[in-house]
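Results of the structural survey
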Amino acid sequence: MRRYLVACADDRLFVTVWITFSMPFDFDISLDRRHTGSLKWDKYKGRDILPMWVADMDFLSPPAVVEALRARAGNGVFGYTVPSEAAVQAALDYLRARHRYTARAEWLVWSHGLVPALNIALRAYAAPGESVLTCTPVYPPFLSAPANQERRLIAVPLRLNGARWEFDWPALEAAIAPDTRVFLLCSPHNPVGRVWSAEELRQVAEFCARHALVLVSDEIHCDLVLDEADEADHTVTATLSPEIEARTVTMMAPSKTYNLPGLSCAYCVISDPKLREKFERAAWGLITEVNAFGYEGLVAAYRQGEPWRRELLAYLRGNRDYLYDFVHSNLPVLKLAPMAATYLAWLDARGLEVERPAQFFEDAGVGLSEGAWFGEAGRGFLRLNFGCPRATLAEALRRMAAAVRRV
Ligand SMILES: Cc1ncc(COP(=O)(O)O)c(C=O)c1O
């Protein structure tokens, strides 16, 4: 059941009518996010630039989440909050039911975000000066965490095999150093949109075992798989075998899927007691209590959010297909490899032959992420966030096509 606010005005009267009727969730609603302290929208405050950058969607969160937060606010007491039994159980049930991962309550380490958790993991598993391996282009905090923590980054580009992004095994073997301690894996991969197959993940795990690396597997996008085939679904790395699980730190959060990043609630699943203890020790004083509303949002999203998620995926699939068609027909200078997950498209803009393609489109009223932020391998690319009403996407693409036509 959805409720819509309909405002009708005539000369003398302003009538507000609430209409309650049954219909699917509406992802076409245009939201005014100005004046809400939105990172995404405030970047271009006062300028006519459509923000299509940071991974945050212009959709209302599931009604069940909104109701749960309202109920929690009604309680009126906001003291320090530990993980509730409800949150722990919701996370465990979700992992088992959706991802066939049977974890235990004591394996969960909660955090106000996965970016802090990535940084903590480097402090926990590599000494200052030791190296950390990742595959680029990749979510920028994977690249800044080693520098933040005075660890050395080894960035190995993924390779484009035809239209498919893959790990470059010879390059990985050549790049690894005797002091490499951690492999930072993004699965599914932001920004190239690959859902790594179980076989590819096995290869990653086997590589980590051979080189005695801790495998930090950031799986925040795992519920945003757009491909519908069963075999295309996400595999949680740690479920591949007990040996793999024992060297893996799985990073999870409901924030990307249910559009809750402002609630600051994430968790790591660490089955090995020694790895867990190292992580917890490294987190002392840095990760403190999680926001009370974060737990409430997680419980509501995991327990009641599935119908909303299914409709979200259908809507995102529509946006992705619209984007494919538009780029193919009207922006052929941009290349877009097929993507299987996330609402973040990775566009090859090298054909444009401009030094900073994001700046080029920003000047035309569209705020994209510059590919070079994702590592050297991303130079000349752009990331476009299509987690928005289709009308916004259409307008952004129209502006982009007009800008390209002008040159
Ligand atoms: C791969 C990946 N990890 C982590 C995050 C952010 O996590 P958090 O908001 O929990 O710090 C993002 C956000 O886009 C992401 O894409």
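Predicted model only: the values in this text are computed from it and were never measured.

**Things to note about the sheet that holds strand E17 (residues 381–385)**
Spatial ordering of the open sheet is given by E13-E14-E17-E16, a layout of four strands whose pairing is antiparallel. A strand with exactly one partner marks an edge of an open sheet, and here the two such strands are strand E13 (335–336) and strand E16 (369–370). Bridge analysis of E16 against E17 gives two bridges, and the strand direction is antiparallel. In the sheet register, Glu 370 faces E17, and the bridge partner there is Leu 382.

**Comments concerning unusual backbone geometry**
Ser 187 connects to Pro 188 through a cis peptide bond whose omega is -5 degrees. Even without a glycine there, the phi angle at Glu 150 is positive, about 60 degrees. Tracing the backbone shows Glu 150 in the loop between helix H5 (141–148) and strand E6 (152–157). The backbone phi angle of Glu 353 is positive, close to 55 degrees, even though this residue is not glycine.

**So, the nonpolar core**
In terms of nonpolar packing, the biggest core is built from 75 residues, with Trp 110, Tyr 267, Leu 384, Phe 386 and Met 400 touching the most fellow members. Here this core gets eight residues from one element, more than from any other, and that element is helix H11 (residues 306–330). Excluding anything up to four places from it in sequence, Leu 384 contacts Met 52, Leu 323, Tyr 343, Leu 344, Ala 345, Leu 347, Leu 368, Leu 393, Leu 397 and Met 400. Core analysis: the second largest hydrophobic core is formed by 32 residues, Ala 124, Leu 143, Cys 186 and Val 216 among them.

**As for the side chain of Arg 72**
In this fold, Arg 72 is placed in helix H2 (residues 63–75). Ignoring any residue separated from it by four or fewer positions in sequence, one finds Arg 72 in contact with Val 77, Phe 78, Ala 292, Phe 293 and Glu 296.

**Regarding the sheet that holds E6**
What the seven strands build is an open sheet, ordered E4-E12-E11-E10-E9-E5-E6; its pairing is mixed. Pairing within the sheet leaves two strands with one partner each, and these edge strands are strand E4 (108–111) and E6. Averaged over all adjacent pairs, the angle separating strand axes in this sheet is 20 degrees, with direction ignored. Summarising the sheet, strand E10 (residues 214–218) and strand E11 (residues 248–252) pair through four bridges and their orientation is parallel. Each residue of the ladder has a partner; that of Asp 218, found in E11, is Met 251. Across the sheet, helix H4 (residues 114–125) lies against E4, strand E5 (131–136), strand E9 (180–186), E10, E11 and strand E12 (266–270), angled at about 165 degrees from E11, the strand it touches most.

**Focus: the site of the ligand**
Every residue close to the ligand is listed here: Ala 55, Gly 113, Leu 114, Val 115, Tyr 139, Cys 186, Asn 190, Asp 218, Ile 220, His 221 and Lys 256. Contact distances for the ligand include 3.0 Å between an oxygen atom and a backbone N or O atom of Val 115. His 221 is positioned with one of its side-chain polar atoms (N or O) 2.8 Å from an oxygen atom of the ligand. Contact with the protein chains hides 90% of the accessible area of the ligand, taken as 400 Å² for the molecule alone. Here the residues of the shell around the ligand sort into six nonpolar, three polar and two charged.

**Here's the deal with helix H13 (residues 390–406)**
Taking 1.5 Å of rise per residue, the 17 residues of H13 would be expected to cover 24 Å, and the 24 Å separating its terminal C-alpha atoms lies within 8% of that figure. Looking at the buried positions of H13, the neighbouring elements they touch are strand E3 (50–51), H11, strand E14 (344–348), helix H12 (357–362), strand E15 (366–367) and E17.

**Regarding the pattern of salt bridges**
Taken as a whole and judged by the stated rule, the model has 31 salt bridges. The salt bridge partner of Glu 362 is Arg 47, with a shortest N-O separation of 3.3 Å. With Glu 362 in helix H12 and Arg 47 in the loop between helix H1 (39–42) and E3, this residue pair connects regions lying 315 residues apart in the sequence. Taking the relative accessible area as the measure of exposure, Glu 362 reaches 15% and is therefore buried. In the salt-bridge network here, residues are joined through shared partners; they are Arg 159, Arg 164, Glu 166, Arg 194 and Glu 200.

**With respect to the packing of aromatic side chains**
The tally for this structure, following the rule as stated, stands at 19 aromatic pairs. Ring plane angle 45 degrees and centroid distance 5.2 Å describe the contact between Trp 110 and Tyr 267, whose orientation is recorded as tilted. Of this pair, Trp 110 sits in strand E4 while Tyr 267 is found in strand E12, placing the two residues 157 residues apart along the sequence. Judged by relative accessible area, Trp 110 falls into the buried class, the value being 11%. Seen in terms of ring centroids, Trp 346 and Phe 374 are 5.2 Å apart; in terms of plane orientation they differ by 65 degrees. Their pairing is edge-to-face. On the criterion of sequence distance, the pair formed by Trp 346 in strand E14 and Phe 374 in the loop between E16 and E17 is long-range, its members being 28 residues apart. Judged by relative accessible area, Trp 346 falls into the buried class, the value being 5%. A residue is classified by how much of its surface remains accessible, and Phe 374, at 1% relative accessible area, is buried. Against the face of Trp 53 rests Lys 43, its NZ or CZ located 4.6 Å from the ring centre. Lying over the aromatic face of Tyr 315, Arg 390 brings its terminal NZ or CZ to 4.5 Å of the ring centre.

**Things to note about the confidence of the model for the protein chain**
Across the protein chain, the average pLDDT comes to 93, with 94% of residues at or above 70. Contacts from residues 1–23, a stretch scored under 50 in pLDDT, to residues over four places away or in other chains number 36 contacts.

**Considerations on the side chain of Ser 61**
On the secondary structure map, Ser 61 appears in the loop between E3 and H2. There is a polar contact of 3.2 Å between the side chain of Ser 61 and the backbone oxygen of Tyr 258. For Ser 61, the residues in contact, after removing those within four places along its chain, are Val 66, Tyr 258, Asn 259, Leu 260 and Trp 308.

What counts, and at which threshold
Residues numbered from 1 in each chain as written. Predicted model: local features only at pLDDT ≥ 70, side-chain atom pairs only at ≥ 80, totals over all residues. Heavy atoms only, no water. Pairing = 2+ DSSP bridges. Helix = DSSP H or I, 4+ residues; strand = E, 2+ residues; numbered from the N terminus. Core = buried A, V, L, I, M, F, W, Y, C linked by side-chain atoms within 4.5 Å. Buried < 20%, exposed > 50% of the residue type's maximum accessible area, 1.4 Å probe, protein only. Contact = heavy atoms within 4.5 Å. Axes fitted to C-alpha atoms, helices over the stretch in contact; angles between N-to-C directions. Near = heavy atom within 4 Å. Polar contact = N/O pair within 3.5 Å; in protein donor to acceptor, adjacent residues only side chain to side chain. Areas by Shrake-Rupley, 256 points an atom, 1.4 Å probe, with all protein chains shown as cover. Nonpolar A, V, L, I, M, F, W, Y, C, P; charged D, E, K, R; others polar. Expected span 1.5 Å × (residues − 1). Salt bridge = Lys/Arg side-chain N within 4 Å of Asp/Glu carboxyl O. Phe/Tyr/Trp six-rings, centres within 6.5 Å; stacked < 30°, edge-to-face > 60°. Lys NZ or Arg CZ within 6 Å of the ring centre and 35° of its normal. pLDDT = per-residue confidence, 0-100.

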